[in-house]
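Geometric and topological summary
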Amino acid sequence: FASQRNLHINVNISSGNLSDSFPSGDEDNTFTGNVDNEINGNWISAPTGSIHEARLKAKVKRRLRKNSSRDSGRGDSLSDTGDVVRSVVPPTSPKGKLLNRRSRMGKGRGLPKKGGAGGKGVWGTPGQVYDEDKVDVKDPNYDAEQENCVYETVVLPLDEETFEKTVTPIVQEYFEHGDANEVAELLAELNLGSMRGDVPMLAVSLALEAKASHRELTSCLLSELCGCVLTAADVEASFHKLLKELPDLVLDTPGAPQMLGQFIARAVADNILPKSFIDGYKGRVDCEYARAALDRAAVLLRMSRWTGLRIDSLWGSGGGQRPVNQLIKEVNLLLKEYLLSGDTVEAERCLRELEVPHFHHEFVYEAVIMVLESKGNRTLQMILQLLKSLCASTVITVDQLRRGFERVYVDMADLSIDVPCAYSLLEKFVEQSFDTGVIDKKLRDLCPCRGRKRFISEGDGGRLKLSSY
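Residues numbered from 1 in each chain as written. Predicted model: local features only at pLDDT ≥ 70, side-chain atom pairs only at ≥ 80, totals over all residues. Heavy atoms only, no water.

1. What about the confidence of the model for the chain?
As a reminder of what qualifies: A residue's pLDDT is the predictor's confidence in that residue, given on a scale from 0 to 100. A contact between two residues is defined here by any heavy atoms of the two lying within 4.5 Å.
Averaged over all residues, the pLDDT of the chain equals 77, while 72% of them reach at least 70. Between residues 88-92, whose pLDDT stays under 50, and residues either more than four places distant or in other chains, the model counts 6 contacts.

See below:
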């Protein structure tokens, strides 16, 4: 109070009150009034009501100062009447506070904590490079044998059931794309183990039930795999197993002995089977099927030595891989053999073995041309019967049949040069084809007809028209 009195005395002196004596009562009242007028270190010269309002304002200010760090986003303010006015700005979301790395303690310079290296999902400051952890020898879990360990992916060897489920789709897909390198890569990724020698056996077993083109692909596959995935011993062991299982294979494929003999001959020609393979079975074969397979292989090998038979083309090439000229020759040969034998079933089987369903329009074209060139009723009836049988069995589709006839219609101008009566023969053949249900009415109406050229006027009494010559 002494300091406050001195401050009050100085203020009174500065305001012009220079009296040196004060009454005792007045001095106490003056001191009490000054103390009442001082709020929070500020001198207030105002009535009692204004002092009360000043105290309320100071209290609200202290409250706002206390909660400023906690409710900084609310934007609270104080009005002239002392009421707290809240702005319409929404409070900051808790998620935003969590993402803010600045210190919330009201200290520091507002920089991220730990230099940006703190927080969830942070592994250090940007650009920091960690060194390899050194093994602590004093660690209780330390194992000296693990220092020189090399960890590798271990692929378990395939058992018999897993082998068949895994390798069968690979071989079947190979029949579609014909890429032996892809098969070699897929097999190299597998741990075949003791089942390695069963790969040729499985491939040949699947090929026996497939087409001739697939058997050719299988022979090429065995030749490609021998050396990179398989060994000559694996191939030889597989053919030994195939000869033993021939009685079971014949149940599904009656021609298995002859086919297996061709596989053996092809393997010997490709140098993946030793030439002594067949000689090793002489006088030691009790199974008639195995004996037939070995005899077939021996005959083919002798024919290759004496007559120059090419065993590398024993199965032939697939339909899509043959040249067009070769396919045309085979189609013509098929039709000529049919005209000689008249066997519709055999002709259908031969057409299927060509494996060119996209090229059947050439078969229809050559058949119609053969009818036009023969000029005989027998050929017409036989070709008509063949086309009717092939269309009924869906060997030749409607689209291929239509394309074959349309090609004949387009080439009639050139055909009529070699065959003058080609138009009349074609019209007769088309009408009979329509009557038997081989072609429809729309295709029949497309048949071209040669315009009739009149040399004698029909309205001039039969006189010759010299202008017509």
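2. As for the side chain of Thr168
Operational definition: Labels follow the DSSP assignment, with helices taken as runs of H or I lasting at least four residues and strands as runs of E lasting at least two, numbered in each case from the N terminus. Exposure classes here rest on a 1.4 Å probe applied to the protein chains alone. A residue is buried below 20% of its type maximum, exposed above 50%, and partly exposed in between.
In this fold, Thr168 is placed in helix α5 (residues 160-177). Take Thr168: its relative accessible area is 15%, and that puts it in the buried class. Sequence-distant contacts of Thr168, that is, excluding residues within four places in its chain, are made with Phe163, Leu202 and Leu206.

3. So, a positive patch on the surface
Just so we agree on the cut-off: Residues qualify for a patch when their relative accessible area is over 30% and they have no salt bridge, like charges being joined within 9 Å and the nonpolar side chains of Val, Leu, Ile, Met, Phe, Trp and Tyr within 5 Å. Where accessible areas are quoted, they stem from the Shrake-Rupley method and a 1.4 Å probe; at the residue level, only the protein chains shown are allowed to cover. By definition, a salt bridge exists where a carboxyl oxygen of Asp or Glu is found within 4 Å of a side-chain nitrogen of Lys or Arg. Counted as positive: Lys and Arg. Counted as negative: Asp and Glu, with His and the chain ends omitted from the count. Taken as the charge location is NZ of Lys, CZ of Arg, CG of Asp or CD of Glu.
On the surface, a cluster of positive charge is made up of Lys57, Lys59, Lys61, Arg62, Arg63 and Arg65. Following the sequence through the fold, Lys57 ends up in helix α3 (residues 48-66).

4. Describing the environment of Glu346
This is how the line gets drawn: Counted as a polar contact is a pair of N or O atoms within 3.5 Å, where, for protein atoms, one must be capable of donating a hydrogen and the other of accepting one, and residues adjacent in sequence contribute only when both atoms are in side chains.
Here Glu346 lies in helix α15 (residues 344-354). Between the C-alpha atoms of Glu346 and Leu334, which are 12 residues apart in sequence, the distance is 9.5 Å. Of note is the side chain of Glu346, whose polar atom sits 2.4 Å from the side chain of Arg349.

5. So, the packing of aromatic side chains
Our working rule: Centre distance within 6.5 Å is the pairing criterion for rings of Phe, Tyr and Trp, where only the six-membered ring of Trp is used; planes under 30 degrees apart are then read as stacked, over 60 as edge-to-face, and the remainder as tilted.
Applying the stated rule across the entire model yields 5 aromatic pairs. Where Tyr174 meets Phe175, the ring centres are 6.3 Å apart and the plane angle is 50°; that geometry is what we call tilted. According to the relative accessible area criterion, Phe175 is buried, its value standing at 12%. Here Phe405 and Phe429 contribute two aromatic rings whose centre-to-centre distance is 6.1 Å and whose plane-to-plane angle is 15°, an arrangement assigned as stacked. Pair noted here: Phe405 is in helix α18 (residues 398-410) and Phe429 is in helix α20 (residues 422-435), with a separation of 24 residues, a long-range link. Grouped by ring-pair contacts, the aromatic residues Phe239, Phe277 and Tyr281 constitute a single cluster.

6. Here's the deal with helix α13 (residues 288-306)
Defined as follows: Multiplying one less than the number of residues by 1.5 Å gives the expected span of a helix.
Taking 1.5 Å of rise per residue, 19 residues should cover 27 Å, and α13 covers 27 Å from first to last C-alpha, within 8% of that figure. Tucked inside the fold, the buried residues of α13 contact α9 (232-244), α10 (246-252), α11 (256-269) and α12 (276-279).

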